[in-house]
Amino acid sequence: MRLEKCWFCSSTVYPGHGIQFVRNDAKIFRFCRSKCHKNFKMKRNPRKVKWTKAYRRLHGKDMTQDTTFEFERKRNRPERYDRNLAESTLKAIKKIDKVRSDRAASHIEKRLKVRKGKERIEAQKELEQSIHLVKAPQALREDQSLTLPKIKVQVSQPKSDQNQAMEE
(Lines give C-alpha, C1' and ligand atoms only; values in the text may rest on other atoms or scores of the structure.)
Protein backbone atom coordinates (compact mmCIF):
# COMPACT_ATOMS: atom_id res chain seq x y z
CA MET A 1 0.00 0.00 0.00
CA ARG A 2 1.58 3.25 -1.14
CA LEU A 3 0.72 6.43 0.75
CA GLU A 4 1.21 9.56 -1.33
CA LYS A 5 1.57 13.17 -0.16
CA CYS A 6 -0.84 15.89 -1.18
CA TRP A 7 0.96 18.36 -3.44
CA PHE A 8 -0.76 21.38 -1.86
CA CYS A 9 -1.07 20.71 1.88
CA SER A 10 1.41 17.82 2.35
CA SER A 11 -1.08 15.54 4.11
CA THR A 12 -1.21 11.83 3.29
CA VAL A 13 -3.38 10.59 0.44
CA TYR A 14 -4.52 7.02 0.99
CA PRO A 15 -5.18 4.64 -1.94
CA GLY A 16 -8.56 5.25 -3.54
CA HIS A 17 -8.86 8.74 -2.05
CA GLY A 18 -8.22 12.19 -3.39
CA ILE A 19 -7.80 13.61 -6.87
CA GLN A 20 -4.97 13.12 -9.33
CA PHE A 21 -4.14 15.78 -11.91
CA VAL A 22 -1.75 15.08 -14.80
CA ARG A 23 -0.31 18.11 -16.59
CA ASN A 24 0.60 18.16 -20.31
CA ASP A 25 4.25 17.56 -19.50
CA ALA A 26 3.26 14.32 -17.66
CA LYS A 27 3.87 15.79 -14.19
CA ILE A 28 1.48 14.18 -11.68
CA PHE A 29 -0.12 16.23 -8.90
CA ARG A 30 -2.03 14.41 -6.16
CA PHE A 31 -4.50 16.17 -3.89
CA CYS A 32 -6.09 14.87 -0.71
CA ARG A 33 -9.42 16.69 -1.17
CA SER A 34 -11.20 19.09 -3.47
CA LYS A 35 -10.17 22.07 -1.31
CA CYS A 36 -6.51 21.50 -2.25
CA HIS A 37 -7.37 20.85 -5.89
CA LYS A 38 -9.39 24.07 -6.17
CA ASN A 39 -6.63 26.12 -4.55
CA PHE A 40 -4.15 24.61 -7.02
CA LYS A 41 -6.42 25.51 -9.96
CA MET A 42 -6.68 29.07 -8.60
CA LYS A 43 -2.84 29.14 -8.76
CA ARG A 44 -2.46 29.83 -5.05
CA ASN A 45 0.94 29.44 -3.46
CA PRO A 46 0.86 26.85 -0.61
CA ARG A 47 3.50 28.88 1.26
CA LYS A 48 1.06 31.80 1.51
CA VAL A 49 -2.04 29.83 2.52
CA LYS A 50 -2.08 29.65 6.34
CA TRP A 51 -3.49 26.15 6.83
CA THR A 52 -0.89 24.33 4.72
CA LYS A 53 2.17 22.52 6.04
CA ALA A 54 4.44 24.67 3.87
CA TYR A 55 3.18 27.88 5.50
CA ARG A 56 3.53 26.45 9.00
CA ARG A 57 7.12 25.33 8.35
CA LEU A 58 8.10 28.59 6.65
CA HIS A 59 6.80 30.72 9.53
CA GLY A 60 8.29 28.58 12.33
CA LYS A 61 5.03 27.02 13.51
CA ASP A 62 6.16 23.44 12.85
CA MET A 63 9.53 21.74 13.13
CA THR A 64 11.52 21.93 9.92
CA GLN A 65 14.87 20.34 10.69
CA ASP A 66 14.81 17.10 12.59
CA THR A 67 16.65 13.84 12.03
CA THR A 68 13.42 11.85 12.39
CA PHE A 69 12.14 13.31 9.09
CA GLU A 70 14.76 11.33 7.14
CA PHE A 71 12.93 8.10 7.92
CA GLU A 72 9.85 9.40 6.13
CA ARG A 73 11.57 9.88 2.77
CA LYS A 74 10.41 7.79 -0.16
CA ARG A 75 12.75 4.97 -1.17
CA ASN A 76 12.14 3.16 -4.42
CA ARG A 77 14.76 0.46 -3.99
CA PRO A 78 13.16 -2.97 -3.44
CA GLU A 79 14.63 -5.11 -0.68
CA ARG A 80 14.37 -8.81 -0.01
CA TYR A 81 11.98 -9.63 2.84
CA ASP A 82 13.67 -10.58 6.09
CA ARG A 83 11.55 -11.34 9.14
CA ASN A 84 14.15 -10.11 11.66
CA LEU A 85 14.67 -6.90 9.72
CA ALA A 86 10.92 -6.25 9.54
CA GLU A 87 10.57 -6.86 13.28
CA SER A 88 13.43 -4.49 14.15
CA THR A 89 12.02 -1.91 11.74
CA LEU A 90 8.64 -1.96 13.48
CA LYS A 91 10.33 -1.49 16.86
CA ALA A 92 12.38 1.38 15.46
CA ILE A 93 9.25 3.05 14.05
CA LYS A 94 7.69 3.10 17.54
CA LYS A 95 10.83 4.65 19.03
CA ILE A 96 11.05 7.24 16.25
CA ASP A 97 7.40 8.22 16.73
CA LYS A 98 8.00 8.72 20.45
CA VAL A 99 11.13 10.83 19.82
CA ARG A 100 9.30 12.91 17.21
CA SER A 101 6.33 13.58 19.49
CA ASP A 102 8.65 14.59 22.36
CA ARG A 103 10.57 16.97 20.12
CA ALA A 104 7.34 18.46 18.76
CA ALA A 105 6.10 19.05 22.31
CA SER A 106 9.34 20.81 23.25
CA HIS A 107 9.13 22.91 20.06
CA ILE A 108 5.61 24.04 20.97
CA GLU A 109 6.73 24.77 24.53
CA LYS A 110 9.54 27.02 23.25
CA ARG A 111 7.11 28.89 21.01
CA LEU A 112 4.67 29.45 23.87
CA LYS A 113 7.42 30.60 26.24
CA VAL A 114 8.20 33.56 23.98
CA ARG A 115 4.53 34.57 23.89
CA LYS A 116 4.19 34.30 27.68
CA GLY A 117 7.17 36.63 28.14
CA LYS A 118 5.65 39.22 25.81
CA GLU A 119 2.29 38.99 27.57
CA ARG A 120 3.96 39.47 30.96
CA ILE A 121 5.79 42.62 29.78
CA GLU A 122 2.58 44.05 28.31
CA ALA A 123 0.70 43.32 31.55
CA GLN A 124 3.39 45.10 33.60
CA LYS A 125 3.21 48.17 31.33
CA GLU A 126 -0.56 48.29 31.59
CA LEU A 127 -0.38 47.92 35.37
CA GLU A 128 2.12 50.76 35.63
CA GLN A 129 -0.09 53.01 33.51
CA SER A 130 -3.29 52.31 35.42
CA ILE A 131 -2.08 51.72 38.99
CA HIS A 132 -4.64 54.26 40.23
CA LEU A 133 -7.41 51.85 39.27
CA VAL A 134 -5.88 49.02 41.27
CA LYS A 135 -4.76 50.90 44.41
CA ALA A 136 -7.30 52.39 46.79
CA PRO A 137 -7.45 56.22 46.86
CA GLN A 138 -6.60 56.23 50.57
CA ALA A 139 -3.39 54.23 49.94
CA LEU A 140 -2.40 56.65 47.18
CA ARG A 141 -2.85 59.63 49.54
CA GLU A 142 -0.73 57.98 52.24
CA ASP A 143 2.09 56.74 50.00
CA GLN A 144 3.07 59.52 47.60
CA SER A 145 5.57 57.31 45.77
CA LEU A 146 2.68 55.53 44.01
CA THR A 147 1.41 58.71 42.33
CA LEU A 148 3.00 60.88 39.72
CA PRO A 149 4.29 64.25 40.94
CA LYS A 150 1.89 67.11 40.26
CA ILE A 151 3.29 70.11 38.47
CA LYS A 152 1.70 73.48 39.06
CA VAL A 153 1.67 75.82 36.12
CA GLN A 154 0.38 79.35 36.36
CA VAL A 155 -1.26 80.70 33.29
CA SER A 156 -1.97 84.37 33.29
CA GLN A 157 -3.56 86.23 30.42
CA PRO A 158 -4.40 89.84 30.63
CA LYS A 159 -8.05 90.21 29.77
CA SER A 160 -8.72 92.69 27.08
CA ASP A 161 -11.81 94.87 26.76
CA GLN A 162 -13.19 92.72 23.95
CA ASN A 163 -12.94 89.50 26.00
CA GLN A 164 -14.73 91.09 28.94
CA ALA A 165 -17.47 92.38 26.70
CA MET A 166 -17.99 88.94 25.19
CA GLU A 167 -18.18 87.28 28.59
CA GLU A 168 -20.97 89.62 29.72
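Rules used throughout
- Residues numbered from 1 in each chain as written.
- Predicted model: local features only at pLDDT ≥ 70, side-chain atom pairs only at ≥ 80, totals over all residues.
- Heavy atoms only, no water.
- Core = buried A, V, L, I, M, F, W, Y, C linked by side-chain atoms within 4.5 Å.
- Buried < 20%, exposed > 50% of the residue type's maximum accessible area, 1.4 Å probe, protein only.
- Contact = heavy atoms within 4.5 Å.
- Patch = residues over 30% accessible without salt bridge, like charges linked within 9 Å, V, L, I, M, F, W, Y side chains within 5 Å.
- Areas by Shrake-Rupley, 256 points an atom, 1.4 Å probe, with all protein chains shown as cover.
- Salt bridge = Lys/Arg side-chain N within 4 Å of Asp/Glu carboxyl O.
- Lys, Arg positive; Asp, Glu negative; His and termini not counted.
- Charge placed at Lys NZ, Arg CZ, Asp CG, Glu CD.
- Helix = DSSP H or I, 4+ residues; strand = E, 2+ residues; numbered from the N terminus.
- UniProt positions renumbered as here; feature names shortened; annotations may be inferred.
- Pairing = 2+ DSSP bridges.

### Details of the nonpolar core
Part 1 of the argument: Of all hydrophobic cores here, the largest spans ten residues; its members are Cys6, Phe8, Cys9, Val13, Phe29, Phe31, Cys32, Cys36, Phe40 and Val49.
Part 2 of the argument: Among all residues touching Val49, those that are not within four sequence positions of it are Phe8, Arg44 and Tyr55.

### Re a positive patch on the surface
Part 1 of the argument: Side chains of Lys110, Lys113, Lys116 and Arg120 sit close together on the surface and give a patch of like positive charge.
Part 2 of the argument: The class of Lys110 is exposed, set by a relative accessible area of 60%.

### Some points on unusual backbone geometry
Part 1 of the argument: Despite not being glycine, Ala26 shows a phi value in the positive range, around 70°.
Part 2 of the argument: A positive phi is found at Lys43, a non-glycine position, where the angle reads about 60°.
Part 3 of the argument: With respect to the helices and strands, the residue Lys43 is situated in the loop between helix H1 (34–41) and helix H2 (53–58).
Part 4 of the argument: For Lys43, a relative accessible area of 76% gives the class exposed.

### A few points about the UniProt feature "domain: TRASH" (unreviewed entry) in the protein
Part 1 of the argument: UniProt marks residues 6–44 with the feature "domain: TRASH" (unreviewed entry), using the numbering shown here.
Part 2 of the argument: When the span residues 6–44 is considered, its composition is 21% helix and 26% strand, and the gap between its end C-alpha atoms is 15 Å.

### What to know about the pairing of strand S3 (residues 19–22)
Part 1 of the argument: The pairing of S3 with strand S4 (residues 28–31) spans four bridges and is classified as antiparallel. When the bridges of S4 are listed, Val22 appears paired with Ile28.
Part 2 of the argument: Hairpin geometry of S3 and S4 is characterised by an intervening segment of five residues between the two adjacent antiparallel strands and by a positive phi of about 70° at Ala26.

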